[in-house]
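Coordinates in review
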Amino acid sequence: MRTTAVFNLKGGVAKTITTAAMADILAIDYGKRVLVIDADAQGNLSRYFGVEAQEGCSTLDLLQGTHEAVYSDWVTPARPDTTIDIIPADMTLMYADVDIHEGRMTSHHAMEELREAIEQDAASPNPEDQEAAYDYMLIDCPPSFSAASAAALVAADDVVIPIRLDAFSTSGMADLLAQVANMRRLNARLKVAGILATQYQRAPEERAALTYLRETSGLPVFATQVRYSPRVSAATYAREPLIRFSPMSGASVDYRHVVAEYMAQEGGGSNGKA
């Protein structure tokens, strides 16, 4: 199972939309089973999928260890007609950071242990265990280095970094990459899957920033840029998959290309359950 954290310390760069769009495309277009984890206390991903965080089945429960031992007993279907499940979050997720501050237990390895349990099921000879497993786990991280984002980076194979090509986002890239590098002390396999330009409008400044990232960052940059589209915002109000709500919009077309790039990367389509 490939586990990807969608991560940036800057807000407003389309982390949540990127997570949701990737999940919908993987499930609807490719028939993959996807688990999404809302690791942001704002709970925007949960609201987009129409799922509320309830006691016993939230990201906070995962981090605090108060969830059921068998993950299939407490994950929540995210869309009734897709193979996407979700672990939702709301503002109570902030208690995970309070727990650390006050010396109480919050596990940075909780998502890693969940990943290992899913991979054990994928490798099980029992067809029921295999059916419960997932092909992909996508984690929507907050715009801060929190207990939940630390747990996400410990569990992840790789990181997708959505970015707006403005001066504030590009200047903060060094701090972001330093955090990812620091997490490699706990997770040696962690790598950057790619920097993804979002809300792209082809302005000269954006094209220059994109060239700068490609030539100086030393990191992979997705060949596709996700174009700005007002249909993205409309899809969130409708709580529908973008690729169904507005399949011909520039953002839908672009996200499909992004997922194709993502799956073409080494291990992108073959990790874990087939």
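Residues numbered from 1 in each chain as written. Predicted model: local features only at pLDDT ≥ 70, side-chain atom pairs only at ≥ 80, totals over all residues. Heavy atoms only, no water.

On to the overall build of the protein chain. Per the secondary structure count, the protein chain includes 13 helices and seven strands. A compact globule built from 274 residues should have a C-alpha radius of gyration of about 19 Å, and the protein chain, at 18 Å, falls within 12% of that. Judged by the C-alpha coordinates and their principal axes, the protein chain covers about 50 × 40 × 35 Å. Contacts in the protein chain between residues at least 24 apart in sequence constitute 78% of all its contacts with a sequence separation of at least 6. Accessible surface, the protein chain as shown: approximately 12,000 Å² in total, 51% of it carbon and sulfur. (Helix = DSSP H or I, 4+ residues; strand = E, 2+ residues; numbered from the N terminus. Rg over C-alpha atoms; globule rule 2.2 N^0.38 Å. Contact = heavy atoms within 4.5 Å. Areas by Shrake-Rupley, 256 points an atom, 1.4 Å probe, with all protein chains shown as cover.)

A word on the packing of helix α1 (residues 15-28) against helix α13 (residues 250-264). Put simply, α1 and α13 touch, their axes get as near as 10 Å, and they point 75 degrees apart. As the angle between them shows, α1 and α13 are arranged roughly perpendicular. Residues Ile17, Thr18, Ala21, Met22, Ile25 and Leu26 of α1 pack against Tyr255, Arg256, Val259, Tyr262 and Met263 of α13. Looking at the contact of α1 with α13 residue by residue, the class counts come to nine nonpolar, one polar and one charged. (Axes fitted to C-alpha atoms, helices over the stretch in contact; angles between N-to-C directions. Parallel < 35°, antiparallel > 145°, perpendicular 65-115°, else oblique. Nonpolar A, V, L, I, M, F, W, Y, C, P; charged D, E, K, R; others polar.)

Attention shifts here to the packing of helix α5 (residues 110-122) against helix α7 (residues 147-155). Running from N to C, α5 and α7 point in directions that differ by 40 degrees, and their axes come no closer than 7 Å. Between α5 and α7, the interaxial angle falls into the category oblique. Between α5 and α7 the crossing geometry is right-handed. Contacts between α5 and α7 involve Met111, Glu112 and Arg115 from the former and Ala148, Ala151, Ala152, Val154 and Ala155 from the latter. The residue inventory of the contact of α5 with α7, partitioned by class, reads six nonpolar, no polar and two charged. (Left-handed = near helix turned anticlockwise from the far one by under 90°.)

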